[in-house]
Amino acid sequence: MDKDRKLIFSGIQPTGTFTLGNYIGAVRNWKPLQEEYNCVYCVVDMHAITVRQDPIKLRQNTMNAYALLMACGVDPQKSILFIQSHVRTHAELSWILSCNTQFGELSRMTQFKDKSQRHADDVNAGLFTYPVLMAADILAYNADLVPVGIDQKQHLELARNVAQRFNQRYGEFFTLPEPYIPDVGAKVMSLQEPTKKMSKSDENPNACILILDDKDTIIRKFKRAVTDSESEVCYREGKDGINNLMSIYSTITGKDFDSITSEFAGKGYGDFKLAVGEAVADHLEPIRTEFARLSKDKAYLRECYTDGAEKALKYSQRIVSKVYRKVGFVDKT
Ligand code: ATP
Ligand code: LTN
């Protein structure tokens, strides 16, 4: 860890294969950030169990998520890359922060309202306090910046409020973390209902691109994407489907909206959808290959996550033990 660099923290849930939304909104940025920041990245398996998980699948998804992050360019030599449940300080700090978080502010979280409706038979306390654990993830490292998609902005604001409240009660201590949200692609929409966010948990398989989908599947899903009855490829209010495809194409190719419009002037949506499909498939291909290679090397993955957890514990332990002292817990000697 370079003392002159700012610290980045981010996490992703092992609830299934990452979608193109996870990739464009968050994970894609994790690789370049390693060059300028001290980065701490985490597979948040403790967050995943706020909704019912099959234990065998959770274990598998966690290993896959870890390997996928590496395949997306997170380098365990450059960053601290670990599994949340391996580092006890997250749960420890979460308890203290929960005693500094109001019931009312957690009740306002839109993700809680949304998930408690979708999982009405299991509105458990963990689902309610989910944002406190997320605040603990971030504050245990005194992170400066948190790269996430726009849907996580409200959780991040809560983390800032909790940090601020703690600082007022116990004296300045926590850094107030800032969100790091991309200008384009912060909310990739469903290919079938382009007013809804693309989500791993969507029941319609055509609604989302998984980053391990093969080329044919990706192209087929884009061909079926819902658009509108016009034919001009341009970014305009009301053209949700086309706006979404343009944002995806723009983030993958680096082209801006004007040049995309000129590129497809006089061509139909069919040509555009095919071009988006091909660009995305070609971009994701090396990730798929690298994932396949890494997945075979379980011993190497184990070595990486063991080392990551050790480093994460060492770093966060310093911060959390100061928090223990600040709140008045007796030193263990
Ligand atoms: P689930 O659908 O299971 O609730 P999720 O995909 O919404 O999961 P995470 O896996 O925890 O949630 O998300 C990881 C990161 O991906 C977060 O930073 C989140 O903001 C971002 N993200 C998720 N979906 C999108 C999307 N459609 N567009 C942009 N970013 C997204
Ligand atoms: N809630 C996040 C995942 C997450 C996270 C974090 C993101 C858990 N802890 C800390 C950034 C920083 C989500 O993407 N659904």
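Structural data are supplied above this passage.
Report on the accompanying structure. Because the structure is predicted, anything quoted here is derived from the model rather than measured.

## Observations regarding the site of ligand 2
Around ligand 2, a shell composed of 13 residues is seen, among which H47, Y130, M134, D137 and Q152 lie nearest. At a separation of 2.7 Å, a nitrogen atom of ligand 2 approaches a polar side-chain atom of D137. Here a nitrogen atom of ligand 2 sits 3.0 Å away from a polar atom, N or O, in the side chain of Q152. When ligand 2 is considered free in solution it has 360 Å² of accessible area, and contact with the protein chains removes 91% of it. At the level of elements, β1 (7–12) and α7 (125–139) are the ones that each hand at least two residues to the shell around ligand 2.

## Regarding the site of ligand 1
Of all residues adjacent to ligand 1, which total 21 residues, the nearest are D151, V188, K197, S199 and K200. Between ligand 1 and the protein, one listed contact pairs an oxygen atom with a side-chain N or O atom of K197 at 2.5 Å. With respect to ligand 1, the side chain of S199 contributes an N or O atom lying 2.6 Å from an oxygen atom. When ligand 1 is considered free in solution it has 610 Å² of accessible area, and contact with the protein chains removes 94% of it. More than half of the atoms belonging to ligand 1 lie within 2 Å of the grid points that define the largest pocket.

## A short note on the pairing of strand β3 (residues 80–83)
Residues in a regular strand project their side chains so that they alternate between the two faces of the sheet. The two faces of β3 match: I80 and F82 on one face and L81 and I83 on the other face are all buried. Bridge count between strand β2 (residues 38–43) and β3: 4 bridges; the pairing is parallel. Bridged to V43 within β3 is I83.

## Points about the layout of surface pockets
There is about 1300 Å³ of room inside the largest pocket. Lining the largest pocket are 45 residues, with Q13, Q111, K115, D151 and K197 positioned closest to its centre. Every element with two or more residues in the lining of the largest pocket is listed here: β1, α1 (20–33), α6 (110–118), α7 and β4 (145–147). Taken together, the residues of the lining of the largest pocket sort by class into 15 nonpolar, 18 polar and 12 charged.

## Observations concerning the packing of helix α4 (residues 89–98) against helix α13 (residues 298–327)
Packing of α4 against α13 brings their axes to within 10 Å, and their N-to-C directions diverge by 25 degrees. Looking at the two axes, α4 sits roughly parallel to α13. Taken as a pair, α4 and α13 cross one another with a handedness that is left-handed. Listed contacts from α13 to T89, E92, L93 and I96 of α4 are L313, S316, Q317, V320, V323, Y324 and V327.

## Thoughts on α13
Every α-helix carries 3.6 residues per turn, so stepping three or four residues along brings you back to the same face. An ideal rise of 1.5 Å per residue puts 44 Å on 30 residues; α13 measures up with 41 Å between its terminal C-alpha atoms. Those residues of α13 that sit buried are L301, C304, Y305, G308, A309, A312, S316, I319, V320 and V323. Each element contacted by the buried residues of α13 is listed here: α3 (55–71), β3, α4, α7, α8 (153–170) and α12 (269–296). Looking one or two places after α13, you find G328, whose phi comes out positive at around 105 degrees.

## A word on the packing of aromatic side chains
Tallying each qualifying case throughout the model produces 15 aromatic pairs. Judged by centre distance (4.4 Å) and plane angle (10 degrees), the rings of Y235 and F257 are stacked. With Y235 in the loop between α9 (215–223) and α10 (240–253) and F257 in helix α11 (residues 257–263), the pair connects residues that are 22 residues apart, well separated along the chain. By relative accessible area, F257 is classed as partly exposed at 24%.

## Describing the side chain of S190
With respect to the helices and strands, the residue S190 is situated in the loop between β5 (178–180) and α9. Among the polar contacts made by the side chain of S190, one reaches the main-chain amide nitrogen of E193 at a distance of 2.8 Å. The contact partners of S190, leaving out residues within four places of it in the chain, are K196, K197, M198, D202, A207 and N244.

## Examining the nonpolar core
Among the nonpolar cores identified, the biggest contains 59 residues, and L20, F222, I248 and F272 are the most heavily contacted of them. In terms of residue count, α12 provides more of this core than any other element does, 11 residues in total. The next biggest cluster of nonpolar side chains, apart from the first, holds 42 residues, and it includes V51, Y130, V132 and F173.

## Here's the deal with the pattern of salt bridges
Applying the stated criterion across every chain, the model contains 22 salt bridges. Between E105 and R165 there is a salt bridge, and its shortest N-O distance comes to 2.6 Å. Here E105 is found in helix α5 (residues 103–107), whereas its partner R165 is found in helix α8, with 60 residues between them in sequence. Using a relative accessible area of 8% as the deciding quantity, one classes E105 as buried. The salt bridge involving D202 is made with K196; its shortest N-O contact spans 3.7 Å.

Cut-off values and rules
- Residues numbered from 1 in each chain as written.
- Chains lettered and ligands numbered in written order.
- Predicted model: local features only at pLDDT ≥ 70, side-chain atom pairs only at ≥ 80, totals over all residues.
- Heavy atoms only, no water.
- Near = heavy atom within 4 Å.
- Polar contact = N/O pair within 3.5 Å; in protein donor to acceptor, adjacent residues only side chain to side chain.
- Areas by Shrake-Rupley, 256 points an atom, 1.4 Å probe, with all protein chains shown as cover.
- Helix = DSSP H or I, 4+ residues; strand = E, 2+ residues; numbered from the N terminus.
- 1 Å grid on protein atoms, 1.4 Å probe; cavity = no way out; pocket = protein on both sides within 12 Å on 5 of 7 lines; lining within 4 Å.
- Sits in = over half its atoms within 2 Å of the grid points.
- Buried < 20%, exposed > 50% of the residue type's maximum accessible area, 1.4 Å probe, protein only.
- Pairing = 2+ DSSP bridges.
- Points joined across faces, edges and corners; volume = space filled by probe spheres on them.
- Nonpolar A, V, L, I, M, F, W, Y, C, P; charged D, E, K, R; others polar.
- Axes fitted to C-alpha atoms, helices over the stretch in contact; angles between N-to-C directions.
- Parallel < 35°, antiparallel > 145°, perpendicular 65-115°, else oblique.
- Left-handed = near helix turned anticlockwise from the far one by under 90°.
- Contact = heavy atoms within 4.5 Å.
- Expected span 1.5 Å × (residues − 1).
- Phe/Tyr/Trp six-rings, centres within 6.5 Å; stacked < 30°, edge-to-face > 60°.
- Core = buried A, V, L, I, M, F, W, Y, C linked by side-chain atoms within 4.5 Å.
- Salt bridge = Lys/Arg side-chain N within 4 Å of Asp/Glu carboxyl O.

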